[in-house]
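Each chain, written out:
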Amino acid sequence: MKHLFVVIICSSLLGLFEENGPFKINNDTTLRTNPFSWNSKANLLFFDQPVGTGFSHAGHGDLVRSEEQVREDFYSFLTQFFAKFPQFIGRGFYISGESYAGQYIPAISRKILSKNNPKINFKGIAIGNGWVDPYYQQPAYGEYAFLNGLINQTEYKILSNQFSICQVLIKIGSPYFLKAHFCDQPYEKIVGNNTFNVYNIKQPCIGDGCYEDQDQKIVNFLSRTDVQSLLGTQKRIQNACVNDVYASLQKRGFRSSTQDLQVILKSGLKVLIYNGSLDYQCNYIGNEQWLENLQWNHQTGYVKQEYSSLFKGDQIIGKEKSAVNLKFQIIFEAGHMVPMDQPEIALEMINSFIEN
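Nothing here was measured: the structure is a model prediction, and the numbers come from that model.

(A) Spotlight on the overall build of the protein chain. Helix and strand counts for the protein chain come out as 14 helices and 10 strands. Counting all 356 residues of the protein chain, 51% fall into the buried class. Long-range pairs, those at least 24 residues apart, make up 70% of the contacts in the protein chain with a sequence separation of at least 6. Accessible area of the protein chain: about 16700 Å², with a carbon and sulfur share of 50%.

(B) Representation of the environment of G276. Summarising the element assignment, G276 is placed in strand β7 (residues 270-276). On the basis of relative accessibility, which here comes to 0%, the residue G276 falls in the buried class. Distance in space between the C-alpha atoms of G276 and P339 is 9.4 Å, their sequence separation being 63 residues.

(C) Looking closely at the nonpolar core. I95, I112, I125, I190 and Y280 are the most contacted members of the largest nonpolar core, which totals 57 residues. Here this core gets 6 residues from one element, more than from any other, and that element is helix α2 (residues 67-84). When neighbours within four sequence positions are excluded, I190 is seen to be in contact with Y141, G142, A145, I151, L159, F163, F196 and Y280. Grouped together as the second largest cluster of nonpolar side chains are 18 residues, W38, Y94, A334 and I345 included.

(D) The arrangement of the state of the cysteines in detail. Tallying each qualifying case throughout the model produces 1 disulfide. Residue C166 pairs covalently with C183 via a disulfide, S to S 2.0 Å. Residues C166 and C183 are joined by a disulfide whose S-S torsion is about 95°; by sign, that bridge is right-handed. Taken together, the positions of C166 in helix α5 (residues 153-171) and C183 in helix α6 (residues 176-192) put the pair 17 residues apart, joining distant regions of the chain. Residues C166 and C183 agree in their burial class; the two are buried.

(E) Layout of helix α14 (residues 343-354). The first and last C-alpha atoms of α14 sit 17 Å apart over 12 residues, in line with the 16 Å expected at 1.5 Å per residue. Buried residues of α14: I345, A346, L347, M349, I350, N351, F353 and I354, and no others. Residue N356 follows α14 closely and has a positive phi angle near 60°.

(F) Representation of the environment of P22 in the model. With respect to the helices and strands, the residue P22 is situated in the loop between α1 (12-18) and β2 (23-25). Here P22 falls in the partly exposed class, since its relative accessible area comes to 22%. In contact with P22, other than residues within four places in its own chain, are L16, R32, T33, N34, S37 and N39.

Cut-offs and rules
Residues numbered from 1 in each chain as written. Predicted model: local features only at pLDDT ≥ 70, side-chain atom pairs only at ≥ 80, totals over all residues. Heavy atoms only, no water. Helix = DSSP H or I, 4+ residues; strand = E, 2+ residues; numbered from the N terminus. Buried < 20%, exposed > 50% of the residue type's maximum accessible area, 1.4 Å probe, protein only. Contact = heavy atoms within 4.5 Å. Areas by Shrake-Rupley, 256 points an atom, 1.4 Å probe, with all protein chains shown as cover. Core = buried A, V, L, I, M, F, W, Y, C linked by side-chain atoms within 4.5 Å. Disulfide = S-S within 2.5 Å. Expected span 1.5 Å × (residues − 1).

Pasting the structure below:
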């Protein structure tokens, strides 16, 4: 393998078993091979973060409260990893993640760039359905809901006015409680009046997280005594997305990571932003908006680009636009977790990204 790919989500065990890892879990807690794992062209390293998620444990006072703390923890881990496993030094190094990783990955990447560590052959980042710039992504909730028939035109006009207030409060840096009130209220009106799955509007929502049945498979597998013995996790509890961890970072939810992305793009690192078209939570309209307004040295060229279709054989499976080292792809018939909904297409997407 020529590359090392680090995958960052809540607990990366979700991505490992439900998305792009080498194995899937059967109903009887046995494993089967995932033919569309992302390890066909690279070694995969799944990373539980922030501290407190997955099998990583932390007291309340040890939880991170900023992206700056997240990047310090990650860089510390990375230097220790290469010290322990020197065979990976010099390989093409990529970081990927989804959702709130739109905040983590740019912060971590900027830290790695600033260190200029010769052991880390940093090549690029991939962010799927990312939460990057709330100024543009908050109003996109109303537009996406209207375009997909989740609200009517009258509701859309009312909610658009409310999201406009949300935008102003974000722009002027209002206190968190004001932004939370005026931004969450129109969002809740859309979600509260519907029963759709916010991560894939064409699928049912099962349980609080909408994928309760799949999450339970992971819990059942990790509860096997032989698995716990192999992992050294006896008497430890696996936590996916933990409320305490979320609460410690909650006030950072209106932060934009675009300043970090500007530095990353200027450095020449490859950047892939991708979205499943059926995701409401971090929908493609919001990502389109912040990408169009991202100020970097090739912004004009990117804005002028028209979308081109993505094909698999004769079938159109998405669309994309790009400029120099930035690429944006929208994958049709996929939700928040593209590798889960469209595994074969996601594998082709990431391998193409690695191999230019």
